[in-house]
Number of protein chains: 2
Amino acid sequence: MAKKYVYYFGGGKAEGNGQMKDLLGGKGAGLAEMTNLGIPVPPGFTITTEACNEYFKNGGKYPDGLWEQVLENLKKIEKEMNLKFGDPERPLLVSVRSGAKFSMPGMMDTVLNLGLTDKTLQGLIKMTNNERFAYDAYRRFITMFSSIVMGIDRMKFEELLEKKKEEVGARYDSDLSAEDLKELVEEYKKLYRKEIRQPFPDDPYEQLRMAINAVFNSWNGERAKTYRRLHGIPDDLGTAVNVCTMVFGNMGDNSGTGVAFTRDPSTGEKKFYGECLMNAQGEDVVAGIRTPLPVEKLKEKVPEAYEELMEIYKKLENHYRDMLDIEFTIQEGKLYMLQTRVGKRTARAALKIAIDMVNEGLIDKKTAVMRVDPEQLDQLLHPMIDPKAKAKKIAKGLPASPGAAVGKAVFTAADAEKWAQKGEKVILVRLETSPEDIGGMHAAQGILTARGGMTSHAAVVARGMGKPCVAGCGDLNINEKKKFFTVKDIKVKEGDYITIDGSTGDVMLGQVSLVQPQMTGDFATFMQWVDEFRDMGVRTNADTPKDSKVARKFGAEGIGLCRTEHMFFEGERIKAVREMILSDDVEARKKALKKILPMQKKDFRGIFRAMDGLPVTIRLLDPPLHEFLPHSEKELRELSKEMNVPLKILKERNQALHEFNPMLGHRGCRLGLTYPEIYEMQVRAIMEAACEVKKRGIDVKPEIMIPLVGHVNEIRMMYELVDRTARDVIKRKKVDVDYLIGTMIELPRAAITADEIARYAQFFSFGTNDLTQTTFGLSRDDAGKFLPFYVENKIYPEDPFVSIDTNGVGELVKIGIERGRKTRPELKVGICGEHGGDPKSVEFCYNVGMDYVSCSPFRVPIARLAAAQAALRKQMGDMSKSTV
Amino acid sequence: MAKKYVYYFGGGKAEGNGQMKDLLGGKGAGLAEMTNLGIPVPPGFTITTEACNEYFKNGGKYPDGLWEQVLENLKKIEKEMNLKFGDPERPLLVSVRSGAKFSMPGMMDTVLNLGLTDKTLQGLIKMTNNERFAYDAYRRFITMFSSIVMGIDRMKFEELLEKKKEEVGARYDSDLSAEDLKELVEEYKKLYRKEIRQPFPDDPYEQLRMAINAVFNSWNGERAKTYRRLHGIPDDLGTAVNVCTMVFGNMGDNSGTGVAFTRDPSTGEKKFYGECLMNAQGEDVVAGIRTPLPVEKLKEKVPEAYEELMEIYKKLENHYRDMLDIEFTIQEGKLYMLQTRVGKRTARAALKIAIDMVNEGLIDKKTAVMRVDPEQLDQLLHPMIDPKAKAKKIAKGLPASPGAAVGKAVFTAADAEKWAQKGEKVILVRLETSPEDIGGMHAAQGILTARGGMTSHAAVVARGMGKPCVAGCGDLNINEKKKFFTVKDIKVKEGDYITIDGSTGDVMLGQVSLVQPQMTGDFATFMQWVDEFRDMGVRTNADTPKDSKVARKFGAEGIGLCRTEHMFFEGERIKAVREMILSDDVEARKKALKKILPMQKKDFRGIFRAMDGLPVTIRLLDPPLHEFLPHSEKELRELSKEMNVPLKILKERNQALHEFNPMLGHRGCRLGLTYPEIYEMQVRAIMEAACEVKKRGIDVKPEIMIPLVGHVNEIRMMYELVDRTARDVIKRKKVDVDYLIGTMIELPRAAITADEIARYAQFFSFGTNDLTQTTFGLSRDDAGKFLPFYVENKIYPEDPFVSIDTNGVGELVKIGIERGRKTRPELKVGICGEHGGDPKSVEFCYNVGMDYVSCSPFRVPIARLAAAQAALRKQMGDMSKSTV
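Along each chain, the written sequence defines residue order, and numbers are assigned to residues from 1. Chain labels run from A onward and ligand labels from 1 onward, assigned in the order the entries are written. Selection of residues for local features in this predicted model requires a pLDDT of at least 70, selection of side-chain atom pairs for listing and counting requires 80 or more, and totals for whole chains, interfaces and linings are taken over all residues. Water and hydrogen atoms were dropped before computing side-chain values, which therefore reflect all heavy atoms in the structure.

1. Let's talk about the confidence of the model for chain A
Residue and element names in this part refer to chain A. Operational definition: The quantity called pLDDT is the predictor's confidence in a given residue, expressed from 0 to 100. Any two residues having at least one pair of non-hydrogen atoms within 4.5 Å are treated as being in contact.
Across chain A, pLDDT averages 90, with 97% of residues at or above 70. Counted against residues more than four places away or in other chains, residues 879–884, with its pLDDT under 50, gives 13 contacts. Interface predicted TM-score (ipTM) for the complex: 0.81; the corresponding pTM is 0.81.

2. Details of the interface of chain A and chain B
The following threshold applies: Here, a salt bridge means any Lys or Arg side-chain nitrogen found within 4 Å of an Asp or Glu carboxyl oxygen. Any pair of nitrogen or oxygen atoms within 3.5 Å is treated as a polar contact; in protein, a donor-acceptor pairing is required on top of that, and neighbouring residues in sequence qualify only through side-chain atoms on both sides. Each helix is a run of DSSP H or I of at least 4 residues and each strand a run of E of at least 2, with the numbering of both proceeding from the N terminus. Polar here means any residue other than Ala, Val, Leu, Ile, Met, Phe, Trp, Tyr, Cys and Pro, which are nonpolar, and Asp, Glu, Lys and Arg, which are charged; Gly is therefore polar.
Every contact between the two is made by 49 residues of chain A and, on the other side, 49 residues of chain B. Inspection of the chain A/chain B interface yields four salt bridges. A salt bridge links Arg-819 of chain B to Glu-811 of chain A; the shortest N-O distance between them is 3.0 Å. In this assembly, chain A and chain B are joined by 32 residue pairs in polar contact (both at pLDDT 80 or more). Of all the secondary structure elements, the ones that give two or more residues to the side of chain A that touches chain B are helix H25 (647–657), helix H26 (669–674), helix H28 (712–733), helix H29 (748–752), helix H31 (768–776), helix H32 (787–792) and helix H33 (806–823) of chain A. By residue number, the principal contributor to the side of chain A that touches chain B is H33 of chain A, which donates six residues. Taken together, the residues of the side of chain A that touches chain B break down into 22 nonpolar, 15 polar and 12 charged.

3. Details of the packing of helix H4 (residues 118–128) of chain B against helix H5 (residues 131–149) of chain B
All names here are of chain B. Condition: What counts as an axis is a line fitted to C-alpha atoms, over the stretch in contact for a helix, and the angles between N-to-C directions run from 0 to 180 degrees. Crossing handedness is read from the near helix: turned anticlockwise from the far helix by less than a right angle, it gives a left-handed crossing, and turned clockwise, a right-handed one.
One can describe the packing of H4 onto H5 by two numbers: an axis separation of 8 Å at closest approach and a directional angle of 145 degrees. For the crossing formed where H4 meets H5, the hand is right-handed. On the side of H4, the interface is formed by Asp-118, Leu-121, Gln-122, Leu-124, Ile-125 and Thr-128, while H5 contributes Glu-131, Phe-133, Ala-134, Tyr-135, Ala-137 and Tyr-138. For the contact of H4 with H5, the class distribution of residues is eight nonpolar, two polar and two charged.

4. Quick notes on the packing of aromatic side chains
Residue and element names in this part refer to chain A. Put simply, the rule reads: In this scheme Phe, Tyr and Trp rings, the latter by its six-membered ring, pair at centre separations within 6.5 Å, and the angle between planes marks the pair as stacked below 30 degrees, edge-to-face above 60, and tilted otherwise. Note on exposure labels: buried denotes an accessible area under 20% of the residue type's maximum, exposed denotes more than 50%, and partly exposed covers the range between, all computed with a 1.4 Å probe on protein chains only.
Tallied over the entire structure, the rule returns 39 aromatic pairs over all chains. With a centroid separation of 4.9 Å and an interplanar angle of 85 degrees, the aromatic rings of Phe-133 and Phe-248 are classed as edge-to-face. Of this pair, Phe-133 sits in helix H5 (residues 131–149) while Phe-248 sits in the loop between strand S8 (239–245) and strand S9 (256–261), and the two are 115 residues apart along the sequence. An identical accessibility class is assigned to Phe-133 and Phe-248; each is buried. Here the aromatic rings of Phe-786 and Tyr-790 are separated by 5.6 Å at their centres, their planes lie at 70 degrees, and the arrangement is edge-to-face.

5. Some points on the environment of Gln-421 of chain B
Among the secondary structure elements, Gln-421 of chain B is positioned in helix H16 (residues 413–421). Sequence separation between Gln-421 of chain B and Asn-279 of chain B is 142 residues; the distance between their C-alpha atoms is 63 Å.

6. Here's the deal with the side chain of Asn-242 of chain A
Residues and elements named next belong to chain A. Relative to the helices and strands, Asn-242 resides in strand S8. Exposure remark for Asn-242: the relative accessible area of 0% places this residue in the buried category. Within the local environment of Asn-242, its side chain forms a polar contact with the side chain of Thr-46, the two groups lying 2.8 Å apart.

7. Here's the deal with the pairing of strand S31 (residues 828–831) of chain B
All names here are of chain B. We count it as follows: A strand pair is defined by DSSP finding two or more bridges across the two strands. A crossover gets the label right-handed when its path from the first strand over the helix to the second runs clockwise, viewed with the strands pointing away from the viewer.
Bridging between strand S30 (residues 763–766) and S31 involves four bridges; their strand directions are parallel. Bridged to Phe-763 within S31 is Lys-828. Two strands pair when backbone bridges link them, and S31 and strand S32 (residues 852–855) are joined in this way by two bridges, in the parallel orientation. For Gly-830, the partnering residue across the bridge sits in S32 and is Tyr-852. With respect to chirality, the unit in which S31 leads through helix H34 (residues 839–847) into the neighbouring parallel S32 is right-handed.

8. Examining unusual backbone geometry
Residue and element names in this part refer to chain A. Positive phi outside glycine occurs at Lys-483, with the angle close to 60 degrees. Position of Lys-483 among the secondary structure elements: in the loop between strand S21 (477–479) and strand S22 (484–487). A residue is classified by how much of its surface remains accessible, and Lys-483, at 25% relative accessible area, is partly exposed.

9. Quick word on the sheet that holds S9 of chain A
All names here are of chain A. Strand order in this open sheet of five strands is S11-S10-S9-S12-S13, and the pairing throughout is antiparallel. Both edges of this open sheet fall to strand S11 (293–294) and strand S13 (334–342), since each of them pairs with a single strand only. Sheet topology note: the strand S10 (residues 273–278)/S11 ladder contains two bridges and is antiparallel. Opposite Cys-276, over in S11, you have Leu-293 as the bridge partner. Strands strand S12 (324–331) and S13 of the sheet are contacted by helix H12 (residues 303–320), whose axis makes an angle of about 25 degrees with S13.

10. Looking at the pattern of salt bridges
Opposite charge on two side chains allows them to pair when their charged atoms are near. Residues and elements named next belong to chain A. Overall, the coordinates contain 141 salt bridges over all chains when judged by the stated rule. Arg-371 is paired through a salt bridge with Asp-322; the nearest N and O atoms lie 3.1 Å apart. With Arg-371 in helix H14 (residues 365–371) and Asp-322 in the loop between H12 and S12, the pair connects residues that are 49 residues apart, well separated along the chain. Using a relative accessible area of 23% as the deciding quantity, one classes Arg-371 as partly exposed. Residue classification places Asp-322 among the buried positions, given a relative accessible area of 5%. Three or more residues are tied together by salt bridges with common partners; here these are Asp-136, Arg-139, Arg-140, Glu-162, Lys-165 and Asp-173.

Shown next as structure tokens:
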């Protein structure tokens, strides 16, 4: 017997349910669940994701039994609706929609009104007694089928439509008469035949088969692939296909269609929030062609349907215990629910909804913590318009995605990407966005559109990305071709600065100053809950007292990486550093180092004070010495004068320090071993600072970290040097300061021989930036030539510098921890690469048993949340999203 | 009860035996063995290496019981010899010698005549009735004790001696009278007191204790440590101390001392071969102060002792079944054996002795194969300086690639090629070489550089080519522009003849005559035996038909690495290659590639023919493209003219291709993925060549290798490209050629994810050069700044580019093989890094289960021998020297 590939829903009962997202996709599962809840859903059926995967496995052929099951289920619908597919009297029309496990807005293609042919059209006219409506449905169907299923440029149909409107002097589509539309249908069919060299299919079953194929194939379309790549969704999930009885929102003024959220997706306010269009089909709302009405307007227009909608949304929210995004259609006053799913929301809304729902008793704190996407939290950490700033507001659109952004106006996605690569901050300005713009939206600081509502493509995608977005700003006259827009008498050209505020919808001229957000209120409450469930530490990477203070405010529990070399560049210090580097012998070097010591000490004192009571991991000098020397002729000449060293000597020294592969060169502990006096000075500065602040009552916990260890002998010799120097300082200063000595694990050999290295290292900090470079043999500085190509083509599933490569680099991390702890069970282990602020990588770190992660100050809250979620996920035994 | 730290030998019986080298050292074990064989050895005892290690562990104190055991064993000697230590009547004198497990000639210090004091001197005079002899012994003892035990400069004693000789008009030491010597003794003691601020010790027990300490301490002396480092001897073996009754070779004309080999150590001839000095102590022979006599002279002088010596050496050789190095002393006509050990020998002698001994029935073939040091075999594979030739040495550099070469000095690679084409033999002299010089290096007889170490470009490439190379010869002042170099006041101009010896580092003026290696006779016999026991393949790294032929003569069983890029530099080809690189688009690139295809194909045909019946692994393009472009302004200008491409464009392209870390950059399969047309052309060239030669009856076995794979998706996509192209060629050419597709494993990630990669790779070839670079995070090009320091200070136990780092890189290799074979049990595994020619690494490769090693042509015999020895060692279960 063939596998079950098709699940029916209708008549108050569904074969599937809301749990079956893997098999039925989000949309299919929602339709089944709603049906089971007794909510009015037009009957239909869902073709499983399994069928889709089989289809691809078979090279584009249906698996055995699929088509038969489709026909059987069509019969069920016919029976329930008392209609017949392809019938010239009472024709059944259906919609065909995709629906994958994860919602992918705008990414998949939908065909409405399927089943219409010249023959069934007559039935539709009879049934509705509305010729105009029937022809309108027909011309829409031909357009959708031709463009989505057959790949004909939609614009060609739009042109015919516009031409027709001109011909007859119609302003809106709705001004066209039945006769006009009838002619249009003929023109459409002619166009189809010209493009495809086949007549438009007049067999509804053929139409259905082709539409199902199109949905399947769209799973591997470029747009879908890009979306999956950006959102880390696996390629092998497949999509389901939902075939659903058509209901019509365009059957007159008591018909309509809409989308709504059970709470405000922007603020989280507990208030039904939606938009609708009367006498329209769903595609009109999503496309943002007409500006929609607030959903409350339905109360006047179709009061019964409105009341029912109110009941249904409450029922649904109580059932799902989450904020939902719903789609509905009203056909001649009767309400049908077409979709329900968990609604996307801003970070601010996510926090508020989570907290409100805990207070309402709908969910517990654990669920609340799991409800917020760590990456999304970033939105709350973004700058806002400084309230005191003077800004010249020139227009106002919809506050589609919160946060403020400043940048130069660009008018195409390609330009956005190009300019961003050059380091420019840009605002992408578009009439409306489409899925092809995703790359440019990523590259931009913010998005500004002239058309579309809160649920338009631009708005939805921008919120997902956490990018500020002002949508539907109708005041703008945008000329995308000539690259400028005007508002009244103001003209903004490509490259002119503008500022947008996605929280208010304001568009401003020039660069307006921004301020940091407040970390109080909902944010503080939520983060407190987060910490209740978190059992892995979160530290920060900070090199200055200022950064340390900021990070501590964000909840950092110490410093995981303090890079001493960054201090070397500050102000006058670089001179002493250069003197040190240019010294010929140990004595001259020591003399220069003596000048640097008090400067370093001062920094350390400040950092220790900011981190009172918390551990501070300080890495000794890491980069190759040539990084501190200038390279251009001009700079060298200046330096020569300044330092009173002949230019020739400077050049020779520069040349001698040159390296072919500085990444693999004379750096890290290799410097410490060959120039022990440098590390000695640094340890002295750290320990003297520690002793001095301790005398003033500061609880100081220095952890001294040796970089680039690859062999046990390196850490053995460096341990001895550091320990000897530290003891000496303590003896002289007569203050006892506890300190740890440890190492970065950033070379494959260090991970492989971690058992040996742990003999001398009291802690490990995985430097996964460099570990990724050496494990892959991939220079970050040079990867621009092929890494984008690799990520684009999924040769690497993800950019390994963004999210840790669990199979390769991660495997080395696991080996390193296992072997290290075999020698020293109490070994403290953390990570200080940039991965420490990436939620997926944080979960990995948690699962391999790290004691802490360390990340940049602004990502500390994200890491805290990711760590709490990792702990909860483990606790709940939900390994489905685990990265290990 | 205390541990047994002291082993007695004497009276025809010893407590130890010849097997106990670990505990008694080589010398002590030999003395015990000889005693047990009934050979006359002066009685004595050996203090164990354990005692030495305990001494260091205790911070320079004797372990419990050691001194008591020394005293007990002294008593045994006294009893046997009827002498008494410190006795004024019949004083016992002893020698104190070091003796570690491995012979370390000249590294350890010996004290003779110990026990002499003013008091015991009188006893010695009485016993010998020879005042002069006694005082001579005394002054020698004071000299040795003062210099070796107390560290006083020996020269100061020599000066007093010379002064005395002058005073009394003596020509030789032996011209000094007893009275002269007596005065000298007093002066010596005065010198001692002045230097040490203590009188010379007059207690023999005190002398003994101090001497034992000195032997122990010499284990950690700089000379010993350096020797151990150079010979890979572990530091924790410790040395034994041999205390032995003194016998005197300086008691008159029927006394003497000598050293001898049981066969000729230079030629291997079966002939007792030695030297002796009459009326002398051992130190005189070793020091080379007097010219010794051939050992046969003893026949006249002390016929009985000579006869006995003849019997003893035969007995010993029969017993040890090896060529021995012996030391003896004749005291007033009576022979004493002082030492026996396996004798060092030249490679030529090693072969002859091994073969002769098999023919004599002394040893079996397995033993013969184990007797020759693979590294030593190198001597036999290159031309050598004729030992009889007179040579004017002018400088010394690093012995970077063995063999001697004669030629006219040239100073650019282009000149080398030009001159060579005219039939001139040239030596390429460069400050340092770079990849552009490869053509010139090929054309030259040998390479001489002023900069760079054993792993510099010149050294690595020369070894690969089997060209003699002297690198890092800092004495040379090279003027590449004006084409000459100077050393002190010598000037060598372009065209002047020079000779270099890459085995020693010597640079000589003029044409020194050379001797060519013989690959026949003993060598052929021996290598045939080697192959009888070898069960791992040995292939070669060869890029040209010529190299392939050479390698096959050396016994290569295929090519393990054929680098296609080296072919790119040859002659006119580089132009087409540059055209390809400078192409803006795929079409232009394809056009240029079309020109390269026939050139590559021609090479492949030649290589396939040379390797008829054997597998040939061809690596597709690996280095970053910028390596093929010239870099100097002048060269760029020439290229611009030649190619008719504006200089500006050339410069831009050069700039665009520049990489910060080319080692980790856009190379290997990253090129193949981003420019598939390059690999396609190469595969086409390989397969077309294969099909064409197969049509002519050649048995061709191409193995196509993808470089720098780090992710399964890379090999998957490259496998598809190669396979598709290969099938296409086969189809067009209508010849079926079997081929394999595999990959280099040269990145840590490749080793870690070898299970995934093996899904597509049919073979693995470990590229341990690059794997070492990435595992250590160590650029070979830049390591010169600290690697010598690291090796010198034993931070790395060995240069990891010379011998594979078993703990780190080796561990990754093991992981890679295990995981790879888990997916594909029949996976073919080899190594093609330079380690493939290093005996220790070859043993490692054998023990981790590789199918073959691949090395440069000239190292093939070395690898064959190393592989056979590894197999035998494993078979014999002797894991003591195993590297895994």
